[in-house]
Amino acid sequence: MSTDLHALLRSLRVWDPEVTELPPFDPAAAPADPLTLFEEWFARAVAAGQPEPHTVSLATSGPDGLPDVRIVVLHGADADGWSFAGHAGSRKGRHLAARPYAALAFYWPVLGRQVRVRGPVAAAPAEQSLADLHARSTGALAAALTGHQSEVLGSVEELERASDAAWDRARREPEAAVPSWTLYRLRPEEVEFFQGDARRRHVRLRYRREADGWARDMLWP
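To start, this report covers the structure provided alongside it. A quick note: this is a predicted structure, and the numbers were derived from the prediction, not measured. Residue numbers run consecutively from 1 along every chain, following the written order of its sequence. In keeping with the predicted nature of the model, local features appear solely for residues at pLDDT of at least 70, side-chain atom pairs appear and are counted solely at 80 or more, and the whole-chain, interface and lining totals rest on all residues. Think of the side-chain values as coming from all heavy atoms in the structure, minus any hydrogens and water.

Some remarks on a nonpolar patch on the surface
Each patch is assembled from residues with relative accessible area greater than 30% and no salt bridge, linking like charges that lie within 9 Å and nonpolar side chains (Val, Leu, Ile, Met, Phe, Trp, Tyr) that lie within 5 Å. Here the accessible surface of atoms and residues is derived via Shrake-Rupley with a 1.4 Å probe, and residues count as covered only by protein chains that are part of the display. A pair is scored as a salt bridge if a Lys or Arg side-chain nitrogen falls within 4 Å of a carboxyl oxygen belonging to Asp or Glu. A surface patch of nonpolar side chains, amounting to about 370 Å² of accessible area, comprises Leu5, Leu8, Leu9 and Leu12. Segments assigned H or I by DSSP are reported as helices when at least four residues long, segments assigned E as strands when at least two residues long, and all are numbered from the N terminus. Here Leu8 is to be found in helix H1 (residues 3-11).

Quick look at the structure:
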């Protein structure tokens, strides 16, 4: 590590009180269902001005068992699971085809909060994937039509040409189909809610799915 990077890292502080609120969190008052608490926390993050609160780290592993992680956008969360999307032929798509299990991690630093979710992942039916894509922006459709996600790119010019053509088609055909575009749903087996504390007495509440509902327990920080 260079001296400059080390000094820069040492200068940083987590949860600067000038820009961060660390709200109280009483696990005893938490709802019985983690989805209800997630909806409450997500709305609070939006109200607090957290930039892009719907972005989430997605961790997968390939056939070799090696992990990988990237940032994706949350498309929904309901009784069917936490939803995200991408091309079936992308790295995450290939990983999920080989090992249909993943983990999500949300981080909302304005509130000192994290939410971690993990469980099996299933692809939604093709018509639902297409409906999800068409519910988004023209830019999202253009990006999907550009395709080749995770493949080796020959040049920036090649990307520009493909992207320009995709944008033109997206404007002409707003209902264009993208067969590789897939909506994925993670059905949670475990959901953890983390609330930071200025004295490092962080509160961690874990929900675990059982046959008759959700069990809850607290974890040491």
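Following the structure, the description resumes.
Side note on the packing of aromatic side chains
When the centres of two rings from Phe, Tyr and Trp lie within 6.5 Å, Trp using its six-membered ring, the rings pair. Their planes under 30 degrees apart give stacked, over 60 give edge-to-face, and anything left gives tilted. This structure, assessed with the given rule, holds 12 aromatic pairs. Taken together, a centroid distance of 5.7 Å and an interplanar angle of 75 degrees make the contact between Phe193 and Tyr207 edge-to-face. Of the two residues, Phe193 sits in strand S8 (residues 190-195) while Tyr207 sits in strand S9 (residues 203-210), which places them 14 residues apart along the sequence. The classification of residues rests on relative accessible area computed with a 1.4 Å probe and restricted to protein chains. Under 20% of the type maximum is buried, over 50% is exposed, and intermediate values are partly exposed. On the basis of relative accessible area, Phe193 is assigned to the buried category, the value being 0%.

Some details on a negative patch on the surface
Only four residue types enter the tally: Lys and Arg on the positive side, Asp and Glu on the negative side; His and the chain ends are excluded. Where a charge sits is defined by one atom per residue type, namely NZ (Lys), CZ (Arg), CG (Asp) or CD (Glu). Taken together, the side chains of Asp33, Glu39, Glu40, Asp78 and Asp80 define an acidic patch exposed on the protein surface. Turning to its location among the elements, Asp33 is positioned in the loop between H1 and helix H2 (34-47).

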